[in-house]
Amino acid sequence: MQHELAEILNILKFAGIFAPVFFILLHMMRQFLFLPVGLICMAGGVLFGSVYGTLYSIIGITLSSLLFYGLLKRMPNSLNRFMKIKRKIVGKRMPFSIGQIAILKLIPFIHFSLLSLLVLEITKGFKEYTKASVVSNVPLAFMYSTFGHYIFHLSVVWGIGIAAMMLVLFHLLRTKEWIVKWEDFFEKEKGKTPAKSA
C-alpha cells in the first residue's frame, strides 16, 4: 500500500496548480481503477494537509457516489444484479442507518459500491441520496486525510481499541425501527405446492 500511495503522490505532484482537480477526478475514477478510497484520502492528506485534503476528498467521494447513482438509474439490470449480491452478503436484515454506513466506510476491505448501494436503499430520491452520501463520507475523508500518514505506525493496542470503539458505535447507531413490506412479510416459497389432505 505504501508503494501505491507513493505512486499517487508522484502523479499528483506533477499536476501543479491543477492538483486538486486531478485529485477529485482520481476519486471519481477510483471505482474503475480499483483503488481503495482510503488510499486516495491519505494521499490528499499528505499533499494538501488535513483541512483541504478532507474537503477535496468529500467532494471527490460524493461525486463518485453520484456517478454510481446515475449509472445504476440508467442501467436497471445492473441495479438488480447489485441487489442480488447485496442480499447474498448482507441477507434480509434491518436496514443500516446512515451512522452505521459511515462507520462501515472506515473499514478498508468493505467494497465502497456496496456501501453506496446501502445508502441508495434507505433514501428516497436523488436529493436525499446526495445528502446521505455527504454525511456518511465526512468521517471517512476526515479520518484518512488527518491520520492516514500515521496509520502504518499504529500499535496493535491502538488498532484493537479503534476497532472496539467502532463496534460500539456501530451498535449504538443502528436503526431503531424497521418497516417491513407486506409482500416481504408474507413471502411465499417459489415452487412450493400446498399438501393435499388425505
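The chain goes by TVP38/TMEM64 family membrane protein in an unreviewed UniProt entry, where it is assigned to Fictibacillus terranigra. Under the heading Subcellular location (unreviewed entry), UniProt records this for the chain: "Cell membrane". Database annotation for the chain, UniProt heading Sequence similarities (unreviewed entry): "Belongs to the TVP38/TMEM64 family."

### Notes on the packing of aromatic side chains
Evaluation of the coordinates by the stated rule reveals five aromatic pairs. Considering the side-chain rings of Phe23 and Phe48, the 5.4 Å spacing of their centres and the 70° angle between planes classify their relative orientation as edge-to-face. Of this pair, Phe23 sits in helix H2 (residues 19-33) while Phe48 is found in helix H3 (residues 37-74), placing the two residues 25 residues apart along the sequence. Counting every residue linked through ring pairs, the aromatic cluster contains Phe23, Phe48, Tyr52 and Tyr56.

### Looking at the UniProt feature "transmembrane region" (unreviewed entry) in the chain
When the UniProt feature table is mapped to this numbering, "transmembrane region" (unreviewed entry) covers residues 6-25, 32-49, 55-72, 93-120 and 150-173. Across residues 32-49, the secondary structure splits into 83% helix and 0% strand, with the terminal C-alpha atoms separated by 26 Å. End-to-end, the C-alpha atoms of residues 55-72 are 26 Å apart, and along that stretch the chain is 100% helix and 0% strand.

### A closer look at the nonpolar core
Counting 24 residues, the largest nonpolar core has Ile8, Phe23, Val37, Ile40, Ile61 and Leu140 as the members making the most contacts within it. The set of elements that each furnish at least two residues to this core consists of helix H1 (2-13), H2, H3 and helix H7 (125-147). Looking at this core element by element, the count peaks at 10 residues for H3. Not counting chain neighbours up to four residues away, the residues in contact with Ile61 comprise His27, Val37, Cys41, Phe112, Asn137, Leu140 and Ala141. Ranked by size, the runner-up nonpolar core spans 16 residues in total, among them Phe68, Phe96, Leu104 and Leu118.

Calculation rules
- Residues numbered from 1 in each chain as written.
- Predicted model: local features only at pLDDT ≥ 70, side-chain atom pairs only at ≥ 80, totals over all residues.
- Heavy atoms only, no water.
- UniProt positions renumbered as here; feature names shortened; annotations may be inferred.
- Phe/Tyr/Trp six-rings, centres within 6.5 Å; stacked < 30°, edge-to-face > 60°.
- Helix = DSSP H or I, 4+ residues; strand = E, 2+ residues; numbered from the N terminus.
- Core = buried A, V, L, I, M, F, W, Y, C linked by side-chain atoms within 4.5 Å.
- Buried < 20%, exposed > 50% of the residue type's maximum accessible area, 1.4 Å probe, protein only.
- Contact = heavy atoms within 4.5 Å.

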